[in-house]
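Single-letter residue listing:
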Amino acid sequence: MQAVILAAGESSRFWPLNSRHKSLFKICGKPIIKYTIESLIKCKIKDIIIVQKKEKDIEKEIGKISGAKITYVEQENPLGMGNALLTAKYFLKDNFFVLNADRIDCDIFIKEMIFESKNADLVLAGSKTQKPWLYGILKMKGKKVISIIEKPDFKGEAIKAVGIYLLPLEFFKYYEKVKKHVYDFEDAINEYIKDHEVISIVKNFDTPSLKYPWDLFSFCKILFEKQLKIKSIKKISKKAKIEGNVFIGKNTIIYENAVIRGPCYIGDNCIIGNNSVLREYTNIENNSVIGANSEITRSIIQENCKLHSGFIGDSIIDRNCKIGAGIITANKRLDEKEIIVKHRGKEISTNFKKLGVIIGENTRIGIRVSIMPGSLIGKNCIIGPNELIKREIKDNQVVLNRLKSK
């Protein structure tokens, strides 16, 4: 059986981490899409078509993968899921899976979906959610799907379409008939439902979805539980203290009096300075430096980041960032209420009571900068020393208010 992975979207909601497709963000040393591919291989699906952007960012990052035959196709413009799928039509031979690139858990659905396909013409995956306005929602009668409603305007528990579909080639005939727009894939399924038996395999828990940057925290926890294995190396000071499940990569140096409390992941060629504290669910990718006297907790740091002393909590830092000494990321409101993020001009509920800062790639931050909970800083920014950041900073901005006032 074949599978089509859709990885060509703009990832606009993933700003400020959207300089590349969101599935290329790394946890435990691998891009998220790679975990999805490995889950397919686990289900003995090895003929995989990946739909990517014309920039070929997926192909450049992951290339060939052992155990799978991967074909790359390109979607010229981000015209929605249906248009992306259409680019793969030429390579499809029979019934096939189509899934989003962040479906690291697809193996918990696929075998059951294949079994149920004996009794239905189309099978899709579903799970419960408390945020129906973010998803395509399934209207169901027993296992049977009556319709899909895209991002309805209501609150409360509902069943969302997870982003895994087992489709027949006949589906393309229905897709060709519907009016073309961003959600024409869902329209085609609704048309197909009128003439065929369509069922859903529903899980009674909310499966992870990568909509916004802070969704990475749930992926980090899941992958730590599945992937993280203790690994020790020789370049650890005898005076350092390591507790719990901690992975430490090749050529990484842990200096005196550093404390690492797992689960934590530290990649290759990293430096963890004297007296630093790394606490649970911290992910640090290759070639990064954590300076002396730093405290980092529940944070995700990508490759080639350089941090001096300070506190980084419940935060995400994209690759190639440099942060001066004395940084403080506040991660909790004084009133302890939920943190609301201003994301590209809109206020968005995060459902988190702890959330620090999210920083885009290639950004530089000066010494003694303080950042308020839920702040977003774009890529290629410069934040001057002694600044207080309490708002959204767009891409390519220079913030030097304190220096100008003197």
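The rules behind these values
- The residue numbering used here restarts from 1 in each chain and proceeds along that chain's sequence as written.
- Owing to the predicted nature of the model, reporting of local features is limited to residues with pLDDT of at least 70; listing and counting of side-chain atom pairs is limited to 80 or more, with chain, interface and lining totals taken over all residues.
- Just so you know, side-chain values use all the structure's heavy atoms and leave hydrogens and water out.
- Secondary structure elements follow DSSP: runs of H or I of four or more residues count as helices, runs of E of two or more count as strands, with numbering from the N terminus.
- By the criterion applied in these results, polar contacts are pairs of N or O atoms within 3.5 Å in which, for protein atoms, one can donate a hydrogen and the other can accept it, and in which residues neighboring in sequence qualify only through two side-chain atoms.
- In what follows, a contact means two residues having at least one pair of non-hydrogen atoms within 4.5 Å.
- Within 6.5 Å between ring centres, the rings of Phe, Tyr and Trp (the latter by its six-membered ring) count as paired, and their orientation is classed by plane angle as stacked under 30 degrees, edge-to-face over 60, tilted in between.
- For each residue, the accessible area found with a 1.4 Å probe, counting protein chains only, is set against the maximum for its type, and the residue is called buried under 20%, exposed over 50%, and partly exposed in between.
- The criterion for a charge sitting over a ring is simple: Lys NZ or Arg CZ within 6 Å of the ring centre, and within 35 degrees of the ring normal.
- Strand pairing follows a simple DSSP-based rule, namely that at least 2 bridges must link the two strands.
- Salt bridges are defined by distance alone: a side-chain nitrogen of Lys or Arg within 4 Å of a carboxyl oxygen of Asp or Glu.

Notes on the side chain of Thr36
No. 1: Position of Thr36 relative to the elements: it lies in helix α1 (residues 32-42).
No. 2: A polar side-chain atom of Thr36 sits 3.3 Å from the main-chain amide nitrogen of Arg103.
No. 3: With residues up to four places along the chain from it excluded, the contact list for Thr36 reads Ile5, Leu99, Asn100, Ala101, Asp102, Arg103, Ile104 and Cys106.

Points about the packing of aromatic side chains
No. 1: Applying the stated criterion across every chain yields a total of 11 aromatic pairs.
No. 2: Seen from their ring centres, Phe14 and Phe25 are 6.4 Å apart, and the 80° between their planes marks the pair as edge-to-face. Of this pair, Phe14 sits in the loop between β1 (2-7) and β2 (26-27) while Phe25 sits in the loop between β1 and β2, and the two are 11 residues apart along the sequence.
No. 3: Here Phe25 falls in the buried class, since its relative accessible area comes to 1%.
No. 4: With a centroid separation of 5.8 Å and 25° between ring planes, the pair formed by Phe224 and Tyr281 is classed as stacked. Remark: Tyr281 occurs in the loop between β18 (277-278) and β19 (282-284) and Phe224 occurs in helix α7 (residues 216-227); sequence separation between them is 57 residues.
No. 5: Among the residues examined, Phe224 registers a relative accessible area of 3% and is labelled buried.
No. 6: It is Arg13 that lies over the ring of Tyr212; its NZ or CZ is 6.0 Å from the centre.
No. 7: Between Lys180 and the ring centre of Tyr175, over which it is positioned, the NZ or CZ distance is 4.7 Å.

A word on the side chain of Asp47
No. 1: When you line up the elements, Asp47 lands in strand β4 (residues 47-53).
No. 2: When near neighbours in sequence (up to four residues on either side) are disregarded, Asp47 contacts Met1, Gln2, Ala3, Lys69 and Lys93.

Let's talk about the pairing of strand β21 (residues 294-297)
Within a regular strand, the side chains alternate between the two sheet faces.
No. 1: As paired elements, β18 and β21 share two bridges and run parallel to each other. In the sheet register, Val277 faces β21, and the bridge partner there is Glu295.

Notes on the environment of Gly267
No. 1: Considering the arrangement of structural elements, one finds Gly267 in the loop between β16 (264-266) and β17 (271-272).
No. 2: A relative accessible area of 0% places Gly267 in the buried class.
No. 3: Distance in space between the C-alpha atoms of Gly267 and Gly291 is 16 Å, their sequence separation being 24 residues.
No. 4: Those residues in contact with Gly267 that sit more than four places away from it in its chain are Gly249, Thr252, Ile284, Glu285 and Asn286.

Considering the sheet that holds β18
No. 1: Judged by pairing direction, the sheet is parallel, and its eight strands sit side by side in the order β12-β15-β18-β21-β24-β27-β32-β35 without closing on themselves. Of all strands in the sheet, those bounded by a partner on one side alone are β12 (241-243) and β35 (388-389).

Looking at the pattern of salt bridges
No. 1: Counted by the stated rule, this structure contains 26 salt bridges.
No. 2: Where Asp206 meets Lys160, a salt bridge forms, and the shortest distance between an N and an O atom there is 2.8 Å. Taken together, the residues Asp206 in the loop between β11 (198-203) and α7 and Lys160 in strand β10 (residues 158-167) connect sequence positions 46 residues apart.
No. 3: Lys379 is paired through a salt bridge with Asp395; the nearest N and O atoms lie 3.0 Å apart. Taken together, the positions of Lys379 in the loop between β33 (375-377) and β34 (382-383) and Asp395 in the loop between β35 and β36 (398-399) put the pair 16 residues apart, joining distant regions of the chain. Asp395 shares its class with Lys379; the two are buried.
No. 4: Salt bridges sharing common partners tie together Arg279, Glu280, Glu295, Arg298 and Asp314.

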